Amino acid sequence: MRNKQLLHSMFYPKQYAKKRHVIHKLTNRFTKFGYQQVETPVFEDYDLYNDVQGTVNTADMLKLIDPSGKVLVLRPDATIPIARHYTHLQEKVTSGRLSYVLDIFRSTLEERSRTQAGVELFGERTPEADAELIALAVTSLKELAIPSFKIEIGHATFYKELLREANLNAMQQKQLDQYIQSKNISEIVPFLKDLDLDASLIEKLRKIPMLYGDASLVIDEAENIISTERMREELDYLSKVYQLLKDYQVDSYISINLGLINHMNYYSGIIFQGFAEGLGQPIMMGGRYDYLSRSFYREMPAIGFAFEVNLLVDLLSGVFTEEEIIELHYEASERQRAFQLAEALRTANYTVIVRTAKEDEQLSDSPGIFVNTEKLVYSKQKEQREFKTEQELLDWYLRKDVE
Ligand SMILES: N[C@@H](Cc1c[nH]c[nH+]1)C(=O)O
């Protein structure tokens, strides 16, 4: 674990090697599914977020002022800028797959920033697109060998459809979301009764937090609370996504949770979160956001998700640095030869540190090469070998791991 006392904890070499491994595996997998990597600026206009509907809470953004007095924010989310740029620039493109590894900054985060690795798929509103993303998330976590994880799939508006006629204000909606999210069933009924809602509506809403678990059972149960055409369509859509996930053979990692609530409010359809055993917070979040780009240049359906890279790093056990470091010691007169030899080894993909030889040099466990006037010596623990020329040493070095 990294040192949690510091505001921005440092990744030390072993930990950082793990982070690199996680990023490498994820980006590789994203590429294999056809997602191309992009990067967005760290600093963004505060106004962008003020003008957009369904964005990060502006109070949570980290702001700064540039010399002209303009208010900027540190990138609080990756999805919003990517959607904005993509729908603006790619006027003729109808669909596209993008990926990213970016730090995002919010005052509410434990360390004010975190690294996310995610994907966004633009231009498709089909169960096939949703299933592709969920399958990509599952196979990525499998490839990383994250032990015991689950993806929970919910819906951003399914239960809110029930409430359309109830006209709750923002505070009441927030309170209800909280009760549903925490499955606080005992508080929900009195709360709804106080709001003077219809008894049959209360009965349906009370069931929402229990619509959780095995997908086919939950989908069947959810049939009983459908009260609008839209709910019917969304449930059928969810069911199609689940059928597709069966064909991807990832259904054993999936459960449905119709009380799932994501903290971003741009979602408009399926939402999902990934959980690993023993970790209270999600390792992945995402969902469909078909109307976010309406605030930009043109409306384009979209879906995406992001992994929390640092949480994945903390979940991985094992060591991810196997690289041996060769220490190359040289006598002052042999400096140029030594530098050339070090460079030849680096070109051959070895890691080399060069240093001047000291009289009482202790042999360490890592391999050492000594460049003296008369000879070249390789040593590792008890093994010692002498070479006459650099080429001889190089030839032997390049062969030794193969033989
Ligand atoms: N940007 C979202 C995750 C996401 C990516 N794409 C869609 N949703 C978040 O930070 O929670």
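Preceding block: the structure.
Residues numbered from 1 in each chain as written. Predicted model: local features only at pLDDT ≥ 70, side-chain atom pairs only at ≥ 80, totals over all residues. Heavy atoms only, no water.

Caption draft 1: Here's a closer look at helix H6 (residues 170-181). Between its first and last C-alpha, H6 extends 16 Å over 12 residues, near the 16 Å set by a 1.5 Å rise per residue. Within H6, burial applies to Gln173, Leu176, Asp177, Tyr179 and Ile180. Within H6, the buried residues cover an arc of 165 degrees as seen down the axis, which keeps them to one side. The exposed set on the far side of H6, more than 90 degrees from its buried face, consists of Ala170, Met171 and Lys174. The backbone nitrogen of Met171 has a side-chain oxygen 3.1 Å away, supplied by the residue at the start of H6, namely Asn169. (Helix = DSSP H or I, 4+ residues; strand = E, 2+ residues; numbered from the N terminus. Expected span 1.5 Å × (residues − 1). Buried < 20%, exposed > 50% of the residue type's maximum accessible area, 1.4 Å probe, protein only. Arc of directions from axis to C-beta. Polar contact = N/O pair within 3.5 Å; in protein donor to acceptor, adjacent residues only side chain to side chain.)

Caption draft 2: Representation of a nonpolar patch on the surface within the structure. On the surface, Val42, Phe43 and Leu64 cluster together into a nonpolar patch covering about 240 Å² of accessible area. Note that Phe43 resides in strand E2 (residues 43-45). According to the relative accessible area criterion, Phe43 is partly exposed, its value standing at 47%. (Patch = residues over 30% accessible without salt bridge, like charges linked within 9 Å, V, L, I, M, F, W, Y side chains within 5 Å. Areas by Shrake-Rupley, 256 points an atom, 1.4 Å probe, with all protein chains shown as cover. Salt bridge = Lys/Arg side-chain N within 4 Å of Asp/Glu carboxyl O.)

Caption draft 3: Main features of the layout of surface pockets. Roughly 1,300 Å³ of volume is contained in the largest pocket. Around the largest pocket sit 40 residues that line it, and Ile261, Asn262, His263, Met264 and Asn265 are the ones nearest its centre. Elements that contribute at least two residues to the lining of the largest pocket include exactly helix H5 (158-162), H6 and strand E10 (270-276). A per-element tally of the lining of the largest pocket places H6 first, with five residues. When the residues that make up the lining of the largest pocket are grouped by side-chain class, the tally is 14 nonpolar, 18 polar and eight charged. (1 Å grid on protein atoms, 1.4 Å probe; cavity = no way out; pocket = protein on both sides within 12 Å on 5 of 7 lines; lining within 4 Å. Points joined across faces, edges and corners; volume = space filled by probe spheres on them. Nonpolar A, V, L, I, M, F, W, Y, C, P; charged D, E, K, R; others polar.)

Caption draft 4: Representation of the sheet that holds strand E13 (residues 325-330) within the structure. One open sheet holds the five strands; their spatial order is E14-E13-E15-E16-E17, and the pairing between them is mixed. The open sheet has two edge strands with one neighbour each: strand E14 (351-356) and strand E17 (383-387). On average, each strand axis in the sheet is inclined to that of its neighbour by 20 degrees, with strand direction left out of account. Both E13 and E14 contribute to a ladder of six bridges, which runs parallel. Counterpart to Leu328 in the pairing with E14 is Val354. Sheet contacts for helix H12 (residues 335-347): E13, E14, strand E15 (368-371) and strand E16 (376-380); angle to E13, the most-contacted strand, approximately 165 degrees. Together, E13, E15, E16 and E17 form the strand contacts of helix H13 (residues 390-400), whose direction differs from that of E17 by roughly 140 degrees. (Pairing = 2+ DSSP bridges. Axes fitted to C-alpha atoms, helices over the stretch in contact; angles between N-to-C directions. Contact = heavy atoms within 4.5 Å.)

Caption draft 5: Inspection of the pairing of E10 at higher detail. In terms of burial, E10 is a largely internal element, six of the seven residues being buried. Sheet topology note: the strand E7 (residues 149-155)/E10 ladder contains seven bridges and is antiparallel. Paired with Ile151 across the two strands is Gly274, which belongs to E10. Judged from the four bridges that link them, E10 and strand E11 (residues 284-288) form a sheet pairing that is antiparallel. Of the residues in E11, the one forming a bridge with Ile271 is Gly287.

Caption draft 6: Unusual backbone geometry, seen in detail. The phi angle at Lys183 is positive, at roughly 50 degrees, despite the residue not being glycine. By the element assignment, Lys183 lies in the loop between H6 and helix H7 (185-194). Relative accessible area serves as the criterion here: at 31%, Lys183 is assigned to the partly exposed category. The phi torsion at Asn349 lies on the positive side, around 80 degrees, for a residue other than glycine. On the secondary structure map, Asn349 appears in the loop between H12 and E14.

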